[in-house]
Amino acid sequence: MAGVQLAEVGKAYGAVTVIERLSLAIPAGEFVVFLGPSGCGKSTLLRMIAGLETVDSGAIHIGDRRVDTLPPGKRGVAMVFQHYALYPHLSVRENMAFGLRNLRVPADEIASRIASAVASLEIEGLLERKPGQLSGGQRQRIAIARAIVKQPELFLLDEPLSNLDAALRVRTRLELAQLHRRLGTTMIFVTHDQVEAMTLADRIVVLNAGGIEQVGTPMEIYLRPRTQFVATFVGAPRINLLPVEVKAGATGNALARLGDGTIIGTEVPFAALPSGGAMLGLRAETVCVTAGDEATTHGTAEIVERLGERTLVHTLLSDGARLVAEDAGVSAVRPGDRIGLAIDAAAAHLFDAAGIGHHREAR
Amino acid sequence: MAAAMRTRGDWRNALFVAPYLLVFVVMLVLPLAMGMWLSTTKSDLFGTERWVGLANFVRLFGDAIFLQTVGNTFVFVLLTVPFLTLAGLGLALVLNRQERWAAVLRTIFFASTVLSVTVVTLVWRLVFLPDGGLLGVTAEALGKTPIAFLNNEKLAMPAIAITTIWWCIGLPMVLFLAALQQVPRDLYEAAALDNASRWTTLTRITLPAIRRTFFLVIIVEVILQFQLFGQAQLMTLGGPNNATRPIVLFIYETGWRQWELGYAAAAAQVLFAMILIAAMIQYRISSRKGVA
């Protein structure tokens, strides 16, 4: 078990910079998720740690060892690939033993490591099969088992769930969480799926355009997004962003004036805001459909999405702005209805012109 | 109703197959059948004299020259096919990379394949010629007596084999290159993370992954090289003392020089059987090993 230190690592393909002077410290035993859209550099960063991509500048340490000049096999890492990368002509048992044989691990030690991996991942019946005879979910388990038997200091997982169907993805996600708790080994998991990131991570590293947008626990990322990018990337449905005029309120907090004239009394300290335009960020669950007179503003329901446990109401405000509001699972709202919206002003975020997020003071 | 439509559909479906079927029957099945029938007759270029049953075959297996051509052909196949396969694989392994020099070398190694046999044999005659040939001049420069490769019973066949390898190396190389590029890159990455040496990666990842192509190349080359003709005809005329006379040259000369069409057809059936058997054996071996 070892931590990982990235110090000002950079990577460019010709004129295109993929990773720009990125620094990050991952404590030993942590489950870290690299989250970002396609092309943000998250897989490249993982592959640089694995040694599958060269590092143009900076240094990578795993534990106390500097590894960025070592070949992949000498770094003490194990990787689970998106497409599994199982050796197709070797049996499951041989797939697991391959790396250990290369390291000259004694045969009885190999056998016992395979036996314990087999027991923990429930893959008993599969040992003599070839990967081509396995289902996608079974292959994924074998790929994980192959990583486990190496007893690495660090697990690297490159979108390992993206090829599984929805039910299997949820199950494997839970198993990965259990596996991490049992082994306690540092894990780095790359995904573009925010649900995977939120559910698995001790800490999420949100990446965008080759740089880090924010590092934090899942709830920090969700509740206090450092930038507008993080706010929009994390959370479903997407956070509502409305252009607002901001002025100081009596309490020193910012008052945001929506296009339809509604004033939202946020708890964001006005003094922290730079001058210039701002965007109000409202999660759908902080905008509730209401019939009573506690409505902050009113709008017309355009689209009603019934998700079962809740209902999302896409609403058109009087100034033409659109807002997604939430209602109970059993909702009477129909498209075209005039509805009242109760906005939880305390949960509102403000994003300045540079896209930096401002939130109410942490309690 | 549905059954009736299906029957009519079947008839129309045949139309789509017809053009190929016509060519296949006229150009392949008919000549093969005619050749088989010819081989059981005494025929010349003016027509068939009479049916002789298996007499041509009996005569063939007592014909010392024919038996020698069979031996020559086997020797030639053994000299060329293993080398073509292994060298083709070696070249493909070395040249399977993105760099510009590799692309240039791939082109150069493949270039010889597009030349006609006339050009190839002309070039190599200029190499093997004792008077003024490349090897002759080199030998003289080193103070040695030039060797007349093509007039030497022991060296003529290896010389033809070298010429053939130079001419034919392109096809195995591109077949192997195509196969190598099909091997998923993440397998190599997994192997690198698994601490596999280059040798282990080659023997445990690459070679098993391209096993199918390996057998394909052997089968294709066996079929091609059993049909040696042009090089022997143009470089040595089958000499010296029949040392380089292959079966096809025997068939050609028997049929078109000596006008013994029935006898030549019988020799052709023997060659057909040899190639068929060789290909079947290869196929059996490759499928028994469970090439998936």
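Residues numbered from 1 in each chain as written. Chains lettered and ligands numbered in written order. Predicted model: local features only at pLDDT ≥ 70, side-chain atom pairs only at ≥ 80, totals over all residues.

Quick look at the overall build of chain B
Regarding its fold elements, chain B presents 14 helices and 2 strands. Relative to the compact-globule value of 19 Å for 292 residues, chain B shows a C-alpha radius of gyration of 24 Å, a clear excess of over 25%. Counting over 292 residues, chain B shows a buried share of 32%. In chain B, the proportion of contacts linking residues at least 24 apart, taken out of those at least 6 apart, comes to 69%. (Helix = DSSP H or I, 4+ residues; strand = E, 2+ residues; numbered from the N terminus. Rg over C-alpha atoms; globule rule 2.2 N^0.38 Å. Buried ≥ 20, exposed ≤ 12 C-beta atoms within 10 Å, placed from the backbone. Contact = placed C-beta atoms within 7 Å.)

Overview of the overall build of chain A
The secondary structure content of chain A amounts to 8 helices and 21 strands. With the C-alpha coordinates aligned to their principal axes, the bounding extent of chain A is approximately 75 × 45 × 40 Å. Put simply, chain A has 363 residues, and 40% of those count as buried. When contacts within chain A are restricted to residue pairs at least 6 apart in sequence, long-range pairs at least 24 apart make up 64% of them.

With respect to the packing of helix 5 (residues 117-128) of chain B against helix 7 (residues 156-168) of chain B
Residues and elements named next belong to chain B. Contact pair helix 5 / helix 7: the axes reach a minimum separation of 10 Å and the direction vectors enclose 135°. Our classification of the angle between helix 5 and helix 7 gives oblique. In terms of crossing hand, the pair formed by helix 5 and helix 7 is right-handed. Judged by residue contacts, V120, T121, W124 and F128 of helix 5 engage A159, T163 and W167 from helix 7. (Axes fitted to C-alpha atoms, helices over the stretch in contact; angles between N-to-C directions. Parallel < 35°, antiparallel > 145°, perpendicular 65-115°, else oblique. Left-handed = near helix turned anticlockwise from the far one by under 90°.)

A few points about the nonpolar core
One finds A:V33, A:L156 and A:V205 to be the most contacted residues of the largest nonpolar core, which totals 107 residues. The element contributing the most residues to this core is helix 4 (residues 136-149) of chain A, with 7 residues. There are two domains that each give this core at least three residues, and those are domain 1 (4-233) and domain 2 (240-358) of chain A. If you look at the next biggest cluster of nonpolar residues, it comprises 52 residues, including B:F76, B:F176, B:M235 and B:I247. (Core = buried A, V, L, I, M, F, W, Y, C linked by C-beta atoms within 7 Å. Domains from an automatic or database assignment.)

Let's talk about the domain arrangement of chain A
Size of an interface, as often reported, equals the accessible area lost when the parts are brought together. Residues and elements named next belong to chain A. What the domain assignment reports for chain A is domain 1 (4-233) and domain 2 (240-358). Once you take the C-alpha centre of each, domain 1 and domain 2 turn out to be 38 Å apart. Taken together, the 6 residues of domain 1 in the interface contact 7 residues of domain 2. Among the residues forming the side of domain 1 that touches domain 2, the class breakdown is 3 nonpolar, 2 polar and 1 charged. (Nonpolar A, V, L, I, M, F, W, Y, C, P; charged D, E, K, R; others polar.)

Describing helix 11 (residues 211-226) of chain B
With 16 residues, helix 11 of chain B ought to run about 22 Å at 1.5 Å a step, and its terminal C-alpha atoms sit 23 Å apart, in line with that. All buried positions along helix 11 of chain B are accounted for by B:T213, B:F214, B:V217, B:I218, B:E221, B:V222, B:Q225 and B:F226. (Expected span 1.5 Å × (residues − 1).)

As for the sheet that holds strand 5 (residues 65-66) of chain A
With antiparallel pairing, 4 strands are arranged side by side in an open sheet as 2-1-4-5 (chain A). Of all strands in the sheet, those with a lone pairing partner are strand 2 (16-26) and strand 5 of chain A, marking the two edges. (Pairing = 2+ DSSP bridges.)

Here we look at the sheet that holds strand 8 (residues 186-191) of chain A
All names here are of chain A. Pairing is mixed in the open sheet, where 6 strands are placed in the order 6-7-8-3-9-10. Sheet topology places strand 6 (77-80) and strand 10 (211-216) at the edges, where each strand pairs with a single neighbour. The mean inter-strand angle of the sheet, taken between neighbouring strand axes irrespective of direction, is 20°. Strand direction decides the pairing type here: strand 3 (residues 31-35) and strand 9 (residues 203-208), joined by 4 bridges, are parallel. Pairing of V33 across the sheet is with I204, part of strand 9.

Points about the confidence of the model for chain A
When the pLDDT values of chain A are averaged, the result is 91; 99% of them are 70 or greater. Within chain A, helix 5 (residues 166-183) of chain A has the poorest average pLDDT of any element, 89, and strand 3 of chain A the best, 95. (pLDDT = per-residue confidence, 0-100.)

Let's talk about the interface of chain B and chain A
Contact with chain B, which involves 14 residues of that partner, is made by 18 residues of chain A. In terms of residue class, the side of chain B that touches chain A is made up of 9 nonpolar, 2 polar and 3 charged.

Observations concerning the confidence of the model for chain B
Averaged over every residue, the pLDDT of chain B is 86; residues scoring 70 or more account for 95%. In the predicted assembly, ipTM is 0.84 and pTM is 0.80.

Some thoughts on the pairing of strand 13 (residues 263-269) of chain A
Residues and elements named next belong to chain A. Side-chain alternation along strand 13 places I264, T266 and V268 on a buried face and I263, G265, E267 and P269 on a face that remains uncovered. Sheet topology note: the strand 12 (residues 253-257)/strand 13 ladder contains 4 bridges and is antiparallel. Within the sheet, the bridge partner assigned to R257 lies in strand 13 and is I263. In this antiparallel pair of consecutive strands, strand 12 and strand 13, the connection spans 5 residues, and G261 shows a positive phi of 95°.

Considerations on unusual backbone geometry
Residue and element names in this part refer to chain A. Omega for the bond connecting A236 with P237 falls within 30 degrees of zero, at 0°, which places this linkage in the cis form. Among the secondary structure elements, P237 is positioned in the loop between helix 8 (228-233) and strand 11 (240-248). For R21, which is not a glycine, the phi torsion comes out positive at approximately 40°. Locating R21 in the fold gives a position in strand 2.

Some remarks on the pairing of strand 8 of chain A
Residue and element names in this part refer to chain A. Counting buried positions along strand 8 gives 6 out of 6 residues, so the element sits mostly inside the fold. On strand 8, burial covers both faces: T186, I188 and V190 on one face and M187, F189 and T191 on the other are all buried. As paired elements, strand 3 and strand 8 share 5 bridges and run parallel to each other. Residue pairing for strand 8: F34 is matched across the bridge by V190. Of the pairings in the sheet, the one linking strand 7 (residues 154-158) to strand 8 comprises 5 bridges and is parallel in character. Looking across to strand 8, one finds that D158 is bridged to V190. For the handedness criterion, the β-α-β arrangement of strand 7, helix 5 and strand 8 is classed as right-handed. (Right-handed = clockwise from strand over helix to strand, strands pointing away.)

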